[in-house]
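In case you want the letters, here they are:
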Amino acid sequence: MYQTHRTYIKPDMCMADLVIENPSLLLLLERFGMETALNDTDVAQLCEQYEVNTPVFLLLCNLYNGFFPQRKDINPEQHRLTDIIKYIKNSHRFYTFEKYPQIRDYIAQLYERQCPEDIQQLEIFFGDYFEEVQEHLRYEEEVVFPYCSYLLEGKAKGEINAFSSAEYRDHHTDIETKLADLKNLMLKHLSLDGDFILKRKILYALMELENDLYIHSQVEELVLLPLLEHLEFKDRNG
Amino acid sequence: MDKCRVNIAILEPSTVLYEGLSTILLKTHHHYYFFRFADLEELAVMYKLTPFDIVVANPCMLQNKQKAFVRLKKKMPQVYWIALVYSFYDDELLSLFDNKFSITEDPKVMLNCFERACDSCKCNEKPGKKKLLSERETEVLIALTKGLANKEIAEMMNISIHTVMTHRKNIVEKTGLHSLPALTMYAISKKLIAFEPGGEP
């Protein structure tokens, strides 16, 4: 979210340098449990050390750096589905247990100090929004992920398209629109006299969340869905 | 800090040219995002998900597809079209683009071309515009927060549904808010409507 120049990431590049260039990559490392000192480890070594599929890791790194994969670049021989799911599941944990509670706390702090009229509305709005997000996350965990496991185990025969990709995209658009609304309200319209520090904290948190949610939805639309379609095709055709 | 995020769609069959183009563009201070497409159809599908600001296209991808191209241009009114030229094309085809550059030109010429595109792109247009809602737009906003439908608003204000839609579009553009709860909060913070505790529309 802070960088203006981005590198197209390749296996022999030094991971620490890449993080310095784009700090958001720390989130990616976290999601694969890559928590030790990076030293001079390059991307490929790091993947080997943590048994993460290198093509998947590279694809995700490059998404964080603003390079979007094309449909034809995605294939199940190269990209391991379980690693994509691991990434998505851990992003859910980040939203549910870290980012949303953090923003909710900030709003609660505002509520204690400010003229409560606006803030009460803000709390309601955020509460409703969070509920909607959780519903989407639940949908993924209860419908999409089990479907993925079925596909991987070859048990999905006959069960074509347990979920619709159009519906999936609509969810994403909706979540992104509301988040953008929240950001615009905070930045442009609500006057929070004297609480500039808190306002900045909320906005930073919202922008970090927005950036990560965007990548999360791109991973699902540009990587997960094409992969599933490949697997479904293979499944149907023996 | 970046000025604004610019989504660039690239229709170019050569990977060498695509990589070169994106590398040169990434060296500027703009926040460019690249999307590469194999054909017009793919571009049209993605446009629904990610609205592009600029499309760079090799005219060879559009030859014999001029009708489809013109139709797509109409569907994507904000998009700035740049032709990436490295062989001869007839003027009729090139005239469909907003701008063009040849790969033999200095990269500075190309960057100028993008600067111009950014100037005309929507995110840079906004600051100059007047942001306050007009009297009629405020009326529509208040009616919306009361839960009235477009048809009811039209009848109440004695205007056509079409006009209501235009007002709504302007409200969204001016406030940057899309959802009804957010618009309600806006109306409360501007004291346009009274706050009713627990009275969520």
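Before reading further, recall that the structure is shown in the block above.
As a starting point, this report considers the structure included with it. What you are looking at is a predicted structure, and each value in this text was computed from that prediction instead of being measured.

As a further point, take the overall build of chain A. Scanning chain A from N- to C-terminus turns up 8 helices and 0 strands. Listed N to C, the secondary structure of chain A is α-α-α-α-α-α-α-α in terms of helices and strands. Relative to its full complement of 238 residues, chain A shows a buried share of 52%. Here the contacts in chain A between residues at least 6 apart in sequence split such that 74% fall between residues at least 24 apart. Carbon and sulfur atoms make up 50% of the accessible area of chain A, which totals about 11100 Å².

In terms of regular secondary structure, chain B is built from 10 helices and 5 strands. Classification of the 201 residues of chain B by burial places 45% in the buried group. For chain B, the share of sequence-separated contacts (at least 6 apart) that also reach a separation of at least 24 residues comes to 65%. Put simply, chain B shows about 10900 Å² of open surface, and 56% of that area lies on carbon and sulfur atoms.

What follows concerns the interface of chain B and chain A. Each partner contributes to the interface: chain B provides 34 residues, whereas chain A provides 28 residues. Of the roughly 2900 Å² buried where chain B meets chain A, counting both sides, 58% is carbon and sulfur surface. In terms of surface lost to chain A, no three residues of chain B exceed B:L26, B:M185 and B:F195, which account for 23% of the buried area on that side. In this structure, the connection of chain B to chain A is made through 0 salt bridges. The interface formed by chain B and chain A contains 5 residue pairs in polar contact (both at pLDDT 80 or more). For the side of chain B that touches chain A, the secondary-structure elements that each account for two or more residues are β2 (31-36), α2 (40-49) and α10 (180-189) of chain B. Tallied by class, the residues present in the side of chain B that touches chain A amount to 18 nonpolar, 9 polar and 7 charged.

Residue and element names in this part refer to chain B. The grouping of K48, K67, R71 and K75 at the surface amounts to a positive patch. Mapping R71 onto the fold places it in helix α3 (residues 66-75). The class for R71 is exposed, based on a relative accessible area of 54%.

All names here are of chain B. If you trace the 5 strands from one edge of the open sheet to the other, you get β2-β1-β3-β4-β5, paired in parallel fashion. Each having just a single partner strand, β2 and β5 (99-102) make up the two edges of the open sheet. Sheet twist, expressed as the average angle between the axes of neighbouring strands with direction ignored, equals 25°. Examined bridge by bridge, strand β1 (residues 5-11) and β2 share 6 bridges and lie parallel to one another.

The subject of this paragraph is the pattern of salt bridges. Residue and element names in this part refer to chain A. Applying the stated criterion across every chain, the model contains 11 salt bridges over all chains. Notably, a salt bridge pairs R71 with E229, separated by 2.4 Å at the nearest N-O pair. One end of the pair, R71, is in the loop between α4 (54-64) and α5 (81-113); the other, E229, is in helix α8 (residues 196-236), with 158 residues separating them in the sequence. Overall, R71 belongs to the partly exposed group, its relative accessible area being 46%. Three or more residues are tied together by salt bridges with common partners; here these are E132, D174 and K178.

Moving on: the state of the cysteines. Residues and elements named next belong to chain A. Counted under the stated rule, the structure contains 0 disulfides over all chains. With no disulfide of its own, C47 lies closest to C61 among cysteine sulfurs, the gap being 7.3 Å. A residue is classified by how much of its surface remains accessible, and C61, at 0% relative accessible area, is buried.

Residues and elements named next belong to chain B. In the contact formed by α2 and α3, the axes pass within 11 Å of each other and the chain directions differ by 15°. What the angle tells us is that α2 and α3 run roughly parallel. Of the two elements, α2 crosses α3, and the hand of that crossing is left-handed. Counted together, L40, L43, A44 and Y47 of α2 and A68, F69, L72 and K75 of α3 form the full contact between these two elements. Tallied by class, residues from the contact of α2 with α3 come to 7 nonpolar, no polar and 1 charged.

To continue, consider the nonpolar core. A:M15, A:F57, B:L43 and B:F52 are the most contacted members of the largest nonpolar core, which totals 122 residues. Broken down by element, this core gets its largest block of residues, 17 residues, from α8(A). Residue contacts for B:F52: discarding those within four places in its chain leaves B:N7, B:A9, B:F35, B:F37, B:L43, B:M46, B:Y47, B:M76 and B:V79. Listed in part, the 21 residues of the second largest apolar core include B:I10, B:L26, B:F34 and B:Y80.

Residue and element names in this part refer to chain B. When helix α8 (residues 150-157) is considered as a whole, its buried residues turn out to be N150, I153, A154 and M157. Down the axis of α8, the smallest arc covering the buried residues is 100°, so these residues share one side. Opposite the buried face of α8, at more than 90 degrees from it, the exposed residues are K151, E155 and M156. Close packing links the buried residues of α8 with α7 (135-145) and α9 (161-175). Positive backbone phi, approximately 60°, marks N158, located one or two places after α8.

Thresholds applied
- Residues numbered from 1 in each chain as written.
- Chains lettered and ligands numbered in written order.
- Predicted model: local features only at pLDDT ≥ 70, side-chain atom pairs only at ≥ 80, totals over all residues.
- Heavy atoms only, no water.
- Helix = DSSP H or I, 4+ residues; strand = E, 2+ residues; numbered from the N terminus.
- Buried < 20%, exposed > 50% of the residue type's maximum accessible area, 1.4 Å probe, protein only.
- Contact = heavy atoms within 4.5 Å.
- Areas by Shrake-Rupley, 256 points an atom, 1.4 Å probe, with all protein chains shown as cover.
- Buried area = accessible area lost by both parts, 1.4 Å probe.
- Salt bridge = Lys/Arg side-chain N within 4 Å of Asp/Glu carboxyl O.
- Polar contact = N/O pair within 3.5 Å; in protein donor to acceptor, adjacent residues only side chain to side chain.
- Nonpolar A, V, L, I, M, F, W, Y, C, P; charged D, E, K, R; others polar.
- Patch = residues over 30% accessible without salt bridge, like charges linked within 9 Å, V, L, I, M, F, W, Y side chains within 5 Å.
- Lys, Arg positive; Asp, Glu negative; His and termini not counted.
- Charge placed at Lys NZ, Arg CZ, Asp CG, Glu CD.
- Pairing = 2+ DSSP bridges.
- Axes fitted to C-alpha atoms, helices over the stretch in contact; angles between N-to-C directions.
- Disulfide = S-S within 2.5 Å.
- Parallel < 35°, antiparallel > 145°, perpendicular 65-115°, else oblique.
- Left-handed = near helix turned anticlockwise from the far one by under 90°.
- Core = buried A, V, L, I, M, F, W, Y, C linked by side-chain atoms within 4.5 Å.
- Arc of directions from axis to C-beta.

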